[in-house]
Amino acid sequence: MTSKALEVEGLTKIYGEGHTAVTAVSEASLDLAGNEFVGLLGPSGSGKTTLISMIGALLTPTDGSVRIGGEDISGMSKKEQTRFRANRIGFVFQSFNLVPFLTARENLTVMANVSDLSKKEIGDRADQLLEELGLADRRDNLPEQLSGGERQRVAIGRALVTDPDLILVDEPTASLDTELGKAVVEMLAKEIKERNKAGIMVTHDLRMVEYTDRTIEIVDGRLRI
Amino acid sequence: MNLGLSEIRRTPGRFAAIAGAVGFIVFLALILAALSDGLYLGSTGAYRTTPAQYWVFSPTSGLELSRSTIDGARLEQVAATDGVETAGRLSVFNTTATSEGQDLQLSLLGADANTMPVEIIEGRLPEPEALEVVVDSQVTRKGIGIGSLITPTNGPDLEVVGVAGDAGFGFTTAWAQHDTFLEVRVSVRPELGALEGTSQALGITTDGTTADRIAEATGLSVATPQEAIDALPGASQQKITLNGIVYTTFVVAAIVVGLFFALVTLEKRNEYAVLKAIGMPNRKLVAAIFVQALIASAVGYVFGLALSRVVGLLLPSTVPALFLGETAIALLGVALFMGSLGAIFSFRRVTRIDPANALGGPA
């Protein structure tokens with residue numbers, strides 16, 4: 001891995017054209033080292049989701065570039081973006097967002113369908129992660145049979161199972177109480193750092209920033225580092 | 001891991017609903033198809049079940065048996081025509097009759113040895129000049145079989161000596177030797193006269209000589225079995241109409257499957273957005289829907305088939321339903337195709353879901 005896991009330069013997203021054009025993110029630049037866990041703060045409508053969507057290869061920027069692990073994703077086709085996400089980016093969404101009809105283990109091994117890793121590699125990594133996340137005895141339970149914290153731990157496992165370069169975390173505590181939220185974020189920070197990954201966590205909750213290496217604020221589409 | 005299969009395994013109730021809906025539609029289609037087959041085959045057997053390659057009618061008959069008369073001289077002329085190997089008579093009249101304590105509408109056919117049904121599934125053909133008949137296999141559903149007596153109104157008792165497969169020709173169908181047929185007809189309908197040697201049509205086999213050549217040589221109308229069937233009043237129209245209804249029901253099945261998966265896609269758009277965000281390609285999601293549609297259609301088909309067979313057993317013998325294996329197999333293909341077609345309407349919806357919706361809370 002390069003010393004910079006993520007390099008964002010002049011990233012801009014403008015929706016619409018002419019008089020109706022709205023600048024959601026304006027010339028955002030940001031670097032993240034490997035094993036760096038950053039908190040992204042900002043009020044509603046500030047551009048957090050747009051920024052993280054562009055960094056996560058979910059949205060094509062109007063201008064600027066994003067390099068993850070040294071690879072520029074800004075000009076990728078939709079197909080290339082999908083493949084890149086499957087292999088190089090891990091996501092942890094709010095509201096857990098597990099597949100409801102798959103067991104805890106299957107929610108991790110579902111990535112065998114999409115990543116370049118073999119089915120066996122994904123299976124072995126899934127078992128190891130479930131063990132490390134304290135879910136070994138819950139591996140065959142469906143999401144509805146898991147507590148909120150357990151579901152979020154499964155979601156963390158899913159984000160890590162393909163061994164990505166970058167982990168993007170979207171409001172991980174939105175559906176959890178404070179204590180559980182802290183425990184989950186602490187675990188996230190630990191896993192990200194132990195595995196030498198770069199991570200960005202979008203959050204409204206200032207109590208969670210104590211687990212990050214630094215925080216970045218975004219207001220009206222502009223980053224304040 | 002196939003997402004479609006996993007979902008069906010874990011949430012079978014959801015798919016039981018769509019499989020049940022498809023099943024009832026398939027049931028309706030199979031019952032209609034059985035009626036269509038039963039009516040069609042039960043009224044065209046005389047032309048299909050004999051060795052005859054062509055049927056010869058009088059020139060102005062319009063290929064209709066009831067309007068055709070062939071006298072003995074014509075029979076000899078046709079039999080002597082170059083290329084004709086065998087020629088046999090065929091005639092029919094409808095009358096009322098009784099058998100096994102039931103009143104029947106009887107279609108009595110007269111035939112020579114080379115225009116008799118080929119598929120005798122039980123017993124034997126009638127002896128010449130004996131008051132004997134073979135009956136169509138569907139007649140046995142009325143409790144009439146070998147040893148039964150069929151008595152046309154004002155006619156002699158006819159003993160059933162055999163059962164022929166696929167030999168129905170309208171009403172309760174019995175086949176007698178042609179001379180016996182004429183004897184019975186003169187008893188029942190004396191006003192028609194004996195008309196010895198005459199028949200309504202001739203069934204012929206040839207050495208490969210075409211119908212046109214024989215028609216040219218004899219001055220008579222010569223038709224293939226299918227052409228003769230097509231000339232039967234209403235037979236083809238009836239089949240086309242019923243088959244039209246059958247295929248329309250499958251269009252309804254496709255719409256039902258399409259609507260089901262459209263609703264499911266709408267309900268699961270957040271789940272699809274998440275899967276796409278983590279890198280699941282569209283083709284995997286589309287394949288999952290396709291597999292689910294195929295399974296729902298297949299299970300629905302099996303349910304509909306079983307239900308139609310149960311209902312078929314309960315139908316009274318007067319209902320001419322005929323459940324054919326080939327029709328069932330063909331409709332299985334149609335059911336799977338239409339189910340898949342219905343699912344295709346959801347493909348575009350799934351591919352258009354933006355994975356970016358997975359971020360920023362539920363889409």
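Everything discussed here concerns the structure shown above.
Residues numbered from 1 in each chain as written. Chains lettered and ligands numbered in written order. Predicted model: local features only at pLDDT ≥ 70, side-chain atom pairs only at ≥ 80, totals over all residues. Heavy atoms only, no water.

## Examining the overall build of chain B
Looking only at helices and strands, chain B has eleven helices and ten strands in total. Taken over the C-alpha trace, chain B has a radius of gyration of 28 Å; the compact-globule value for 363 residues is 21 Å, which it surpasses by more than 25%. With the principal axes as the frame, chain B shows a C-alpha extent of 95 × 50 × 30 Å. Residues counted as buried form 52% of the 363 residues belonging to chain B. A separation threshold of at least 6 residues defines the contact pool for chain B, and within that pool the share at least 24 residues apart is 80%. Split by element, the accessible area of chain B, about 15,400 Å² in all, is 60% carbon and sulfur. (Helix = DSSP H or I, 4+ residues; strand = E, 2+ residues; numbered from the N terminus. Rg over C-alpha atoms; globule rule 2.2 N^0.38 Å. Buried < 20%, exposed > 50% of the residue type's maximum accessible area, 1.4 Å probe, protein only. Contact = heavy atoms within 4.5 Å. Areas by Shrake-Rupley, 256 points an atom, 1.4 Å probe, with all protein chains shown as cover.)

## Describing the pairing of strand S8 (residues 172-177) of chain B
Residue and element names in this part refer to chain B. The element S8 is largely enclosed, with a buried count of six among its six residues. In this sheet, S8 lies alongside strand S3 (residues 102-111) in parallel orientation, the contact comprising six bridges. Within the sheet, the bridge partner assigned to Ser107 lies in S8 and is Thr173. As paired strands, strand S5 (residues 132-136) and S8 are joined by two bridges and run antiparallel to one another. Within S8, the position partnered with Val134 by the bridge is Trp175. (Pairing = 2+ DSSP bridges.)

## Remarks on the pattern of salt bridges
Side chains that differ in sign of charge can pair as their charged atoms come close. All names here are of chain A. With the rule as written, the count across this model stands at 26 salt bridges over all chains. The salt bridge involving Arg88 is made with Asp165; its shortest N-O contact spans 2.4 Å. Placement of the pair is Arg88 in helix H2 (residues 78-88) and Asp165 in the loop between helix H5 (148-160) and strand S7 (166-170), with a sequence separation of 77 residues. If you follow the salt bridges from partner to partner, you end up with Glu132, Lys190, Glu191, Glu194 and Arg195 in one network. (Salt bridge = Lys/Arg side-chain N within 4 Å of Asp/Glu carboxyl O.)

## Brief notes about the packing of helix H1 (residues 3-10) of chain B against helix H2 (residues 12-42) of chain B
All names here are of chain B. Their axes nearest at 5 Å, the elements H1 and H2 cross at an angle of 95°. In terms of their interaxial angle, H1 and H2 are classed as roughly perpendicular. Where H1 abuts H2, its residues Glu7, Ile8, Arg9 and Arg10 lie against Pro12, Arg14 and Phe15. By residue class, the composition of the contact of H1 with H2 is three nonpolar, no polar and four charged. (Axes fitted to C-alpha atoms, helices over the stretch in contact; angles between N-to-C directions. Parallel < 35°, antiparallel > 145°, perpendicular 65-115°, else oblique. Nonpolar A, V, L, I, M, F, W, Y, C, P; charged D, E, K, R; others polar.)

## Structural notes on the packing of aromatic side chains
Any two aromatic rings considered together are summarised by their centre-to-centre distance and by the angle between their planes. Summed over the entire model, instances satisfying the criterion amount to nine aromatic pairs over all chains. Aromatic side chains A:Phe91 and A:Phe93 sit 5.6 Å apart centroid to centroid with 5° between the ring planes, which places their arrangement in the stacked category. According to the relative accessible area criterion, A:Phe91 is buried, its value standing at 2%. With a relative accessible area of 0%, A:Phe93 lands in the buried category. By way of ring pairs, the aromatic residues B:Tyr47, B:Trp55, B:Phe57 and B:Phe169 are connected into one cluster. Here the guanidinium or amino end of B:Lys239 rests over the ring plane of B:Tyr40, the centre of that ring lying 4.8 Å away. (Phe/Tyr/Trp six-rings, centres within 6.5 Å; stacked < 30°, edge-to-face > 60°. Lys NZ or Arg CZ within 6 Å of the ring centre and 35° of its normal.)

## Side note on a nonpolar patch on the surface
Together, B:Val251, B:Ile255 and B:Leu259 give the surface a local cluster of nonpolar side chains, amounting to about 270 Å² of exposed area. Along the chain, B:Ile255 falls in helix H8 (residues 235-267). (Patch = residues over 30% accessible without salt bridge, like charges linked within 9 Å, V, L, I, M, F, W, Y side chains within 5 Å.)

## What to know about the sheet that holds strand S8 (residues 198-202) of chain A
Remark on secondary structure: sheet strands pair via backbone hydrogen bonds, oriented parallel or antiparallel. Residues and elements named next belong to chain A. Strands sit in the order S6-S7-S8-S3-S9-S10 across an open sheet of six strands; the sheet is mixed. Bordering the open sheet on either side are strand S6 (89-92) and strand S10 (222-224), each of which pairs with just one other strand. Strand-to-strand twist across the sheet, computed as the mean angle between neighbouring axes with direction ignored, equals 20°. Sheet analysis places strand S9 (residues 214-219) next to S10, joined by three bridges and oriented antiparallel. Its bridge partner lying in S10, Glu217 is registered against Arg224.

## Remarks on the environment of A:Lys48
All names here are of chain A. Within the secondary structure, Lys48 is located in helix H1 (residues 48-55). Classification of Lys48 as buried rests on a relative accessible area of 7%. It is 8.4 Å that separates the C-alpha atoms of Lys48 and Val25, two residues lying 23 residues apart in sequence. In this structure, Lys48 is in contact with Leu40, Leu41, Gly42, Pro43, Glu171, Val202, His204 and Ile218, ignoring residues within four places of it in sequence.

## Section: the pairing of strand S6 (residues 149-152) of chain B
Residues and elements named next belong to chain B. Residues Ile150 and Pro152 line the buried face of S6, whereas the alternating positions Leu149 and Thr151 sit on a face that is not buried. Relative to S6, strand S2 (residues 84-99) runs antiparallel, the two being bridged by two bridges. Each residue of the ladder has a partner; that of Ala97, found in S6, is Pro152. With two bridges connecting them, S6 and strand S7 (residues 158-164) associate as antiparallel partners. Within the sheet, the bridge partner assigned to Leu149 lies in S7 and is Glu159. Joining the antiparallel neighbours S6 and S7 is a turn of five residues, in which Asn154 adopts a positive phi near 70°.

Nothing here speaks to function; it is all geometry.
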